Amino acid sequence: MRGVTVRGVHHHYTFADYLRVEQDSNLKHEFLDGDIYAMAGGTPLHARLTVNISSLLHAQLRGTRCHAYSSDLRVRVPATGLAAYPDVTVVCGELELDPENDHTVTNPRLVVEVLSDSTEKFDRGVKLKHYQQIVALGAVMLVSQHQPSIEVWSRRADDRWTESVNGPGTVARIAAIDCTLAVDDVYA
(Lines give C-alpha, C1' and ligand atoms only; values in the text may rest on other atoms or scores of the structure.)
Protein backbone atom coordinates (compact mmCIF):
# COMPACT_ATOMS: atom_id res chain seq x y z
CA MET A 1 0.00 0.00 0.00
CA ARG A 2 1.26 3.44 -0.86
CA GLY A 3 0.39 6.85 0.47
CA VAL A 4 -0.58 9.89 -1.52
CA THR A 5 2.23 11.44 -3.56
CA VAL A 6 1.77 14.65 -5.54
CA ARG A 7 4.27 15.43 -8.32
CA GLY A 8 6.99 13.33 -6.72
CA VAL A 9 6.68 15.04 -3.33
CA HIS A 10 5.39 12.92 -0.51
CA HIS A 11 3.12 14.77 1.90
CA HIS A 12 2.86 13.80 5.58
CA TYR A 13 -0.77 14.19 6.69
CA THR A 14 -2.11 14.68 10.20
CA PHE A 15 -5.16 12.85 11.50
CA ALA A 16 -7.08 16.13 11.16
CA ASP A 17 -6.03 16.32 7.48
CA TYR A 18 -7.22 12.76 7.02
CA LEU A 19 -10.60 13.54 8.60
CA ARG A 20 -11.05 16.47 6.17
CA VAL A 21 -10.28 14.17 3.23
CA GLU A 22 -12.83 11.68 4.54
CA GLN A 23 -15.46 14.36 5.01
CA ASP A 24 -15.03 15.70 1.47
CA SER A 25 -14.79 12.34 -0.31
CA ASN A 26 -17.27 9.76 -1.48
CA LEU A 27 -14.57 7.09 -1.01
CA LYS A 28 -13.36 5.58 2.24
CA HIS A 29 -9.71 5.93 3.19
CA GLU A 30 -7.46 4.44 5.83
CA PHE A 31 -4.78 6.40 7.68
CA LEU A 32 -1.38 5.26 8.92
CA ASP A 33 1.90 7.04 9.69
CA GLY A 34 0.89 10.27 7.96
CA ASP A 35 -0.31 8.50 4.80
CA ILE A 36 -3.85 8.31 3.46
CA TYR A 37 -4.85 5.20 1.51
CA ALA A 38 -7.94 4.96 -0.69
CA MET A 39 -9.82 1.72 -0.15
CA ALA A 40 -10.63 -0.37 -3.20
CA GLY A 41 -14.10 -1.79 -3.78
CA GLY A 42 -14.65 -5.42 -2.90
CA THR A 43 -15.65 -8.41 -4.99
CA PRO A 44 -19.13 -9.98 -4.86
CA LEU A 45 -17.64 -12.86 -2.82
CA HIS A 46 -16.09 -10.36 -0.39
CA ALA A 47 -19.47 -8.68 0.05
CA ARG A 48 -21.27 -12.01 0.56
CA LEU A 49 -18.75 -13.25 3.15
CA THR A 50 -19.02 -9.96 5.04
CA VAL A 51 -22.83 -10.12 5.14
CA ASN A 52 -22.79 -13.78 6.19
CA ILE A 53 -20.38 -13.06 9.04
CA SER A 54 -22.34 -10.00 10.16
CA SER A 55 -25.64 -11.91 10.10
CA LEU A 56 -24.28 -14.89 12.00
CA LEU A 57 -22.68 -12.68 14.65
CA HIS A 58 -25.74 -10.43 14.95
CA ALA A 59 -27.98 -13.43 15.65
CA GLN A 60 -25.67 -14.72 18.40
CA LEU A 61 -25.09 -11.31 19.98
CA ARG A 62 -28.79 -10.39 20.24
CA GLY A 63 -29.62 -9.67 23.89
CA THR A 64 -25.99 -9.17 24.93
CA ARG A 65 -23.96 -6.02 25.51
CA CYS A 66 -22.10 -6.62 22.23
CA HIS A 67 -23.12 -5.35 18.80
CA ALA A 68 -21.84 -6.06 15.30
CA TYR A 69 -21.10 -3.12 12.99
CA SER A 70 -20.57 -2.92 9.24
CA SER A 71 -17.52 -1.58 7.43
CA ASP A 72 -18.96 1.92 7.82
CA LEU A 73 -17.59 2.02 11.38
CA ARG A 74 -14.11 3.53 11.55
CA VAL A 75 -11.74 2.08 14.16
CA ARG A 76 -8.64 3.86 15.43
CA VAL A 77 -5.69 2.31 17.24
CA PRO A 78 -4.79 4.89 19.92
CA ALA A 79 -1.25 3.52 20.38
CA THR A 80 -0.29 3.82 16.71
CA GLY A 81 -2.77 6.17 15.07
CA LEU A 82 -4.01 3.66 12.47
CA ALA A 83 -7.53 4.49 11.34
CA ALA A 84 -9.25 1.72 9.40
CA TYR A 85 -12.62 0.33 8.38
CA PRO A 86 -12.67 -3.37 9.28
CA ASP A 87 -15.19 -5.41 7.30
CA VAL A 88 -17.02 -6.27 10.53
CA THR A 89 -16.44 -4.86 14.01
CA VAL A 90 -17.93 -5.99 17.31
CA VAL A 91 -17.99 -3.58 20.24
CA CYS A 92 -19.11 -4.66 23.71
CA GLY A 93 -20.57 -2.12 26.10
CA GLU A 94 -20.45 1.60 25.44
CA LEU A 95 -18.66 2.92 22.37
CA GLU A 96 -15.41 4.64 23.30
CA LEU A 97 -14.94 7.45 20.81
CA ASP A 98 -11.64 8.82 19.61
CA PRO A 99 -10.91 12.17 21.33
CA GLU A 100 -10.23 13.74 17.92
CA ASN A 101 -13.36 12.41 16.17
CA ASP A 102 -16.69 11.29 17.55
CA HIS A 103 -17.37 9.04 14.53
CA THR A 104 -14.37 6.81 15.29
CA VAL A 105 -14.29 4.07 17.94
CA THR A 106 -11.26 2.91 19.88
CA ASN A 107 -12.64 -0.11 21.75
CA PRO A 108 -13.54 -2.92 19.37
CA ARG A 109 -13.68 -6.38 20.94
CA LEU A 110 -13.43 -8.14 17.55
CA VAL A 111 -12.35 -6.95 14.11
CA VAL A 112 -12.88 -9.01 10.97
CA GLU A 113 -10.98 -8.57 7.72
CA VAL A 114 -12.05 -10.47 4.60
CA LEU A 115 -8.75 -10.80 2.77
CA SER A 116 -8.37 -9.55 -0.79
CA ASP A 117 -5.49 -10.09 -3.19
CA SER A 118 -4.44 -6.44 -2.98
CA THR A 119 -4.50 -6.16 0.84
CA GLU A 120 -3.85 -9.67 2.20
CA LYS A 121 -0.15 -9.15 2.92
CA PHE A 122 -0.83 -5.82 4.68
CA ASP A 123 -3.85 -7.21 6.60
CA ARG A 124 -1.87 -10.27 7.83
CA GLY A 125 1.22 -8.25 8.73
CA VAL A 126 1.26 -4.55 9.52
CA LYS A 127 -2.46 -4.09 10.10
CA LEU A 128 -2.74 -7.17 12.35
CA LYS A 129 0.14 -5.90 14.51
CA HIS A 130 -1.56 -2.50 14.82
CA TYR A 131 -4.93 -4.01 15.71
CA GLN A 132 -3.29 -6.18 18.39
CA GLN A 133 -2.27 -3.00 20.23
CA ILE A 134 -5.90 -2.06 20.94
CA VAL A 135 -6.37 -2.64 24.67
CA ALA A 136 -10.03 -3.74 24.41
CA LEU A 137 -9.46 -6.06 21.45
CA GLY A 138 -9.87 -9.75 22.21
CA ALA A 139 -9.79 -11.24 18.71
CA VAL A 140 -8.98 -10.59 15.07
CA MET A 141 -10.57 -12.75 12.40
CA LEU A 142 -9.01 -13.10 8.94
CA VAL A 143 -11.24 -14.67 6.31
CA SER A 144 -9.95 -16.06 3.00
CA GLN A 145 -11.72 -15.46 -0.31
CA HIS A 146 -9.78 -18.24 -2.05
CA GLN A 147 -10.71 -21.19 0.15
CA PRO A 148 -12.99 -21.87 3.12
CA SER A 149 -10.56 -20.78 5.83
CA ILE A 150 -11.04 -18.61 8.88
CA GLU A 151 -8.10 -17.62 11.07
CA VAL A 152 -8.88 -16.39 14.56
CA TRP A 153 -6.17 -14.55 16.46
CA SER A 154 -7.12 -14.51 20.15
CA ARG A 155 -5.59 -12.53 23.01
CA ARG A 156 -4.67 -14.73 25.96
CA ALA A 157 -4.81 -13.67 29.60
CA ASP A 158 -1.03 -13.04 29.52
CA ASP A 159 -1.59 -10.59 26.61
CA ARG A 160 0.02 -12.94 24.07
CA TRP A 161 -1.80 -13.82 20.86
CA THR A 162 -2.58 -17.32 19.58
CA GLU A 163 -3.85 -18.32 16.16
CA SER A 164 -6.35 -21.01 15.21
CA VAL A 165 -7.06 -21.91 11.59
CA ASN A 166 -10.47 -23.33 10.79
CA GLY A 167 -11.43 -25.06 7.54
CA PRO A 168 -14.49 -26.76 6.02
CA GLY A 169 -16.58 -28.76 8.46
CA THR A 170 -15.10 -26.99 11.50
CA VAL A 171 -16.23 -24.22 13.81
CA ALA A 172 -14.30 -21.03 14.50
CA ARG A 173 -14.53 -20.13 18.18
CA ILE A 174 -14.35 -16.48 19.21
CA ALA A 175 -14.07 -16.61 22.97
CA ALA A 176 -13.72 -12.82 23.28
CA ILE A 177 -17.39 -12.41 22.35
CA ASP A 178 -18.59 -15.92 23.26
CA CYS A 179 -19.56 -16.75 19.67
CA THR A 180 -18.90 -19.52 17.18
CA LEU A 181 -19.00 -19.47 13.39
CA ALA A 182 -19.38 -22.68 11.41
CA VAL A 183 -17.00 -22.26 8.47
CA ASP A 184 -19.54 -23.90 6.14
CA ASP A 185 -22.19 -21.32 7.18
CA VAL A 186 -19.84 -18.41 6.53
CA TYR A 187 -19.13 -19.71 3.01
CA ALA A 188 -22.74 -20.81 2.28
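Description of the structure in this document.

Procedures and definitions
Residues numbered from 1 in each chain as written. Predicted model: local features only at pLDDT ≥ 70, side-chain atom pairs only at ≥ 80, totals over all residues. Heavy atoms only, no water. Helix = DSSP H or I, 4+ residues; strand = E, 2+ residues; numbered from the N terminus. Rg over C-alpha atoms; globule rule 2.2 N^0.38 Å. Buried < 20%, exposed > 50% of the residue type's maximum accessible area, 1.4 Å probe, protein only. Contact = heavy atoms within 4.5 Å. Areas by Shrake-Rupley, 256 points an atom, 1.4 Å probe, with all protein chains shown as cover. Phe/Tyr/Trp six-rings, centres within 6.5 Å; stacked < 30°, edge-to-face > 60°. Lys NZ or Arg CZ within 6 Å of the ring centre and 35° of its normal. Pairing = 2+ DSSP bridges. Axes fitted to C-alpha atoms, helices over the stretch in contact; angles between N-to-C directions. 1 Å grid on protein atoms, 1.4 Å probe; cavity = no way out; pocket = protein on both sides within 12 Å on 5 of 7 lines; lining within 4 Å. Points joined across faces, edges and corners; volume = space filled by probe spheres on them. Nonpolar A, V, L, I, M, F, W, Y, C, P; charged D, E, K, R; others polar. Arc of directions from axis to C-beta. Salt bridge = Lys/Arg side-chain N within 4 Å of Asp/Glu carboxyl O.

1. A short note on the overall build of the protein
Of the regular secondary structure elements, the protein holds four helices and 16 strands. Rg of the C-alpha trace for the protein: 16 Å, near the compact-globule value of 16 Å for 188 residues, within the 12% margin. Summarising its shape, the C-alpha atoms of the protein cover approximately 50 × 35 × 30 Å along the three principal directions. For the protein, the proportion of its 188 residues judged to be buried stands at 46%. The long-range share in the protein, meaning contacts at least 24 apart out of those at least 6 apart in sequence, stands at 52%. When the accessible surface of the protein is split by element, carbon and sulfur atoms take 52% of a total near 9,900 Å².

2. Considering the packing of aromatic side chains
Per the counting criterion, the structure on display carries three aromatic pairs. Within the aromatic cluster, the residues linked to one another by ring pairs are Phe15, Tyr18 and Phe31. Directly above the aromatic system of Tyr85 lies the positively charged group of Lys28, at a separation of 5.1 Å from the ring centroid. The ring of Phe15 has Arg76 sitting right over it, with the charged end atom 3.5 Å from the ring centre.

3. Some thoughts on the sheet that holds strand S11 (residues 110–114)
On the basis of which strands lie adjacent, the open sheet formed by six strands has the order S5-S8-S11-S12-S13-S14 and mixed pairing. A strand with exactly one partner marks an edge of an open sheet, and here the two such strands are strand S5 (66–69) and strand S14 (161–166). Within the sheet, the average angular offset between the axes of one strand and its neighbour, ignoring direction, is 15 degrees.

4. Some thoughts on the layout of surface pockets
In this structure, the largest pocket spans a volume of roughly 760 Å³. For the lining of the largest pocket, the secondary-structure elements that each account for two or more residues are strand S4 (35–38), helix H2 (44–61), S11 and helix H3 (120–131). Here the residues of the lining of the largest pocket are counted per class, giving 12 nonpolar, 14 polar and eight charged.

5. A few points about H3
All of the buried residues along H3 are Phe122, Asp123, Lys127, Leu128, His130 and Tyr131. Taken around the axis of H3, the buried residues stretch over an arc of 160 degrees, which confines them to a single face. Opposite its buried face, H3 presents the exposed residues Lys121 and Lys129, each directed more than 90 degrees away. Its buried side turned inward, H3 meets strand S3 (29–32), strand S7 (83–84), S11, strand S12 (139–143) and strand S13 (150–155).

6. Points about the pattern of salt bridges
Applying the stated rule across the entire model yields 13 salt bridges. For Asp72, the salt bridge identified is with Lys28, shortest N-O distance 3.2 Å. One end of the pair, Asp72, is in the loop between S5 and strand S6 (74–76); the other, Lys28, is in the loop between helix H1 (15–24) and S3, with 44 residues separating them in the sequence. Here Asp72 falls in the exposed class, since its relative accessible area comes to 58%. With relative accessibility at 25%, the residue Lys28 sits in the partly exposed group. Note that Arg155 is salt-bridged to Asp159, the shortest N-O span being 2.4 Å. Among the ionic contacts, a cluster of salt bridges with common partners joins Glu30, Glu113, Asp123 and Lys127.

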